[in-house]
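The primary structure of each chain is shown beneath.
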Amino acid sequence: KHILKKAYFDVENYNSIILKSTKIEKDRKGNVILFADLKIKGVVKQIQIPINVVEDEKSIQITSTFTINRKDFQVSGGGFVLSKLVQIKVEYLGTR
């Protein structure tokens, strides 16, 4: 409950976090990069997210691990308890 309060995510005023993709590209090494706008507490930042894509005839799996600085999005509080850097892990499995 505490993390939902104004000093952190302020869900009373900002009830969603929005990730809007703007493009997907492969870099020179063949890695897939998702370019997106991330909106938290009304603050929008352009971010790049490395994604791993594994496909077969029946399914697609997308995974990613990336880091954001919570202070960039005015998510404060915590002091010594919370790191400024937050690691986000995403796993998606879909069927065809």
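Residues numbered from 1 in each chain as written. Predicted model: local features only at pLDDT ≥ 70, side-chain atom pairs only at ≥ 80, totals over all residues. Heavy atoms only, no water.

Caption draft 1: Spotlight on the overall build of the protein. Scanning the protein from N- to C-terminus turns up 0 helices and 5 strands. Overall, the protein shows an N-to-C arrangement of helices and strands of β-β-β-β-β. On C-alpha atoms alone, the protein measures out to a radius of gyration of 16 Å, which is more than a quarter above the 12 Å that the 2.2 N^0.38 rule sets for 96 residues. Here the C-alpha coordinates of the protein stretch approximately 45 × 30 × 25 Å along the principal axes. Burial analysis of the protein (96 residues in total) assigns 23% to the buried set. (Helix = DSSP H or I, 4+ residues; strand = E, 2+ residues; numbered from the N terminus. Rg over C-alpha atoms; globule rule 2.2 N^0.38 Å. Buried < 20%, exposed > 50% of the residue type's maximum accessible area, 1.4 Å probe, protein only.)

Caption draft 2: View of unusual backbone geometry. With phi around 45°, Asp10 is a residue other than glycine that occupies positive phi space. Residue classification places Asp10 among the buried residues on the basis of a relative accessible area of 7%. Here the phi dihedral of Gln74 falls at roughly 60°; this positive angle occurs in a residue that is not glycine.

Caption draft 3: Quick peek at the packing of aromatic side chains. Summed over the entire model, instances satisfying the criterion amount to 0 aromatic pairs. A cation over an aromatic ring shows up here: Lys23 above the ring of Phe35, its NZ or CZ 4.7 Å from the ring centre. (Phe/Tyr/Trp six-rings, centres within 6.5 Å; stacked < 30°, edge-to-face > 60°. Lys NZ or Arg CZ within 6 Å of the ring centre and 35° of its normal.)

Caption draft 4: Expanded view of the sheet that holds strand E1 (residues 18-26). A sheet is described by the order of its strands in space; here 5 strands give the open sequence E1-E2-E3-E4-E5, paired in antiparallel fashion. In this open sheet, the two strands that pair with only one neighbour each are E1 and strand E5 (85-95). For this sheet the average axis-to-axis angle between neighbouring strands, irrespective of direction, equals 25°. Pairing of strand E3 (residues 43-55) with strand E4 (residues 59-69), which is carried by 4 bridges, proceeds in the antiparallel orientation. Counted as the bridge partner of Glu55 is Ile60 from E4. (Pairing = 2+ DSSP bridges. Axes fitted to C-alpha atoms, helices over the stretch in contact; angles between N-to-C directions.)

Caption draft 5: Main features of the environment of Phe73. Summarising the element assignment, Phe73 is placed in the loop between E4 and E5. Put simply, Phe73 and Ser83 are 10 residues apart on the chain and 14 Å apart in space, counted from C-alpha to C-alpha.

Caption draft 6: Main features of the pattern of salt bridges. For the coordinates displayed, the defined rule picks out 2 salt bridges. The salt bridge involving Glu25 is made with Lys23; its shortest N-O contact spans 3.2 Å. One salt bridge connects Arg96 with Glu55, and the closest N-O pair in it is separated by 2.2 Å. Of the two residues, Arg96 is situated in the segment after E5 and Glu55 in strand E3; the sequence distance between them amounts to 41 residues. (Salt bridge = Lys/Arg side-chain N within 4 Å of Asp/Glu carboxyl O.)

These figures capture arrangement, not role.
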